[in-house]
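# Coordinate analysis (summary)
Listed here are the chains, written in short residue letters.
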Amino acid sequence: MKECLVAVDVGGTNIASGLVDFQGNVLARGKKPTCAGTGVQNVLGRIMDAVAAEIEKSQALGCTPVGVGLGIPGLQDSLKGLSYSAANLDPAWKQIKVTAQVEQRFGLPAEMDNDVRCHALGEKLYGAGRGVENLILITLGTGIGAGIFLNGKMFYGAGGCGGEVGHVTIMEDGPLCSCGNHGCVEALCGAPGISRRAREEIAAGVQSKILALAGGDLNAVTPKLIYEAALAGDPLAEKVMAQTGNYLGIAMAGVVNIINPELLIIGGGVAGAGEMLIGKVRETIKKRAMAQQAALVKVVSAELGEDAGLIGAAMLLPVRGRIDSQRMEQNLR
Ligand SMILES: [Zn+2]
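This write-up is about the structure you can find in this document.

Reading the values: the criteria
Residues numbered from 1 in each chain as written. Predicted model: local features only at pLDDT ≥ 70, side-chain atom pairs only at ≥ 80, totals over all residues. Pairing = 2+ DSSP bridges. Helix = DSSP H or I, 4+ residues; strand = E, 2+ residues; numbered from the N terminus. Buried ≥ 20, exposed ≤ 12 C-beta atoms within 10 Å, placed from the backbone. Contact = placed C-beta atoms within 7 Å. Core = buried A, V, L, I, M, F, W, Y, C linked by C-beta atoms within 7 Å. Domains from an automatic or database assignment. Axes fitted to C-alpha atoms, helices over the stretch in contact; angles between N-to-C directions.

It is worth spelling out the pairing of strand E3 (residues 26-33) at this point. Pairing of strand E2 (residues 14-20) with E3, which is carried by seven bridges, proceeds in the antiparallel orientation. When the sheet's bridge partners are listed, Asn14 is paired in E3 with Pro33. Between the antiparallel neighbours E2 and E3 lie five residues, among them Gly24 with a positive phi of about 80 degrees.

One non-glycine residue with positive phi stands out, namely Cys35, at about 55 degrees. Relative to the elements of secondary structure, Cys35 occurs in the loop between E3 and helix H1 (40-61). We classify Cys35 as partly exposed; it has 16 C-beta atoms within 10 Å. Of note, Asn151 is a non-glycine position whose phi angle comes to about 50 degrees, a positive value. Among the secondary structure elements, Asn151 is positioned in the loop between strand E10 (144-150) and strand E11 (153-154).

Attention now moves to the environment of Val20. Following the sequence through the fold, Val20 ends up in strand E2. Apart from the residues within four sequence positions on either side, Val20 is in contact with Cys4, Leu5, Ala7, Asn25, Val26, Leu27, Leu310, Ile311 and Ala314.

Nonpolar side chains in soluble globular proteins generally cluster together in the buried interior. Counting residues in each nonpolar core, the largest one holds 100 residues, and the members touching the most others are Val8, Leu70, Ile210 and Ile226. Among the elements that take part in this core, helix H8 (residues 235-259) stands out by supplying 13 residues, more than any other. Taken domain by domain, the makeup of this core includes at least three residues from each of domain 1 (2-123 + 306-332) and domain 2 (131-301). Not counting chain neighbours up to four residues away, the residues in contact with Leu70 comprise Val8, Val10, Val98, Thr99, Val102, Ala110, Met112 and Ala313.

This brings us to the sheet that holds strand E1 (residues 2-10). Spatially, E3-E2-E1-E4-E8 is the arrangement adopted by the five strands of the open sheet, whose pairing is mixed. Taken across any chain shown, the strands that pair with only one partner, and hence form the sheet edges, are E3 and strand E8 (110-114). Here the average twist between neighbouring strands, direction ignored, is 20 degrees. Here E1 pairs with E2 via six bridges, running antiparallel. For Ala7, the partnering residue across the bridge sits in E2 and is Gly18. Packed on one face of the sheet, H1 meets E1, E2, E3 and strand E4 (63-72) and runs near 30 degrees to E2. Along the sheet face, helix H11 (residues 307-319) touches E1, E2, E3, E4 and E8 and points at about 110 degrees away from the line of E4.

Here you go:
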């Protein structure tokens, strides 16, 4: 029987799961609510259930699961399988040995990484980053995360927490960020930050189609509605979108200067705004990064969507040598 890998991509809202083959194809997909904040044991139990559900599907698909890859949010030492904290899963989520528990329960080798690094690995192997050695992927959603590849290898930093480009300060006295600092790019360009900037202007009396699209409810303003209003030519929405691209570009220009990547891939829900946003990021990087680095870097959209997280989580096993990596390399040729 053909071999496959179980993949789980844990988010604050949903746990996505699937079966992935060694060609990077997603053979099955599942999704269930994370039920974040309902206790560590409950959330862990739901992750285990997701693994079990995928293993159950495998027989009907004619494949044998040979390992489990997990994308887990929060701070972690992923090479040790140790999740330090994941506040968006549960406030009490501290020092959890995720992979050891999965291995014990299912008798399969397990590997984990930060959810965004899994996205980056998926895009590097099978998506927009194929064949590129130095690249950065950023995901734009509620938060802003990143995965960085240097000389073909994933970058972790000394404590496993490197690459937090969402927490680059771009405004000295800017809004409070989830990390406790003020003026991080995440506080301005994470989904809540984007919505807040539009809301503040509308509350101050600026006329905008955004309010009508939100049914007259300021609290219902989302980046998606702002994008729709911008497409319809609404000046405030256009301004907020341009500002978002500009702030992101300022943060990324600094990173581009330091890393000198060939490629910057932009993914995540907010990246659904496509060229309206990515074009502005590109323009700002060209304007603000040093000429050599700015000329080299291409700024593109992610290609694999939500599958990137599943594919990357699965591929942690061959990439780290837990499963004969030749199987994957042969398939990549
Ligand atoms: Zn921050």
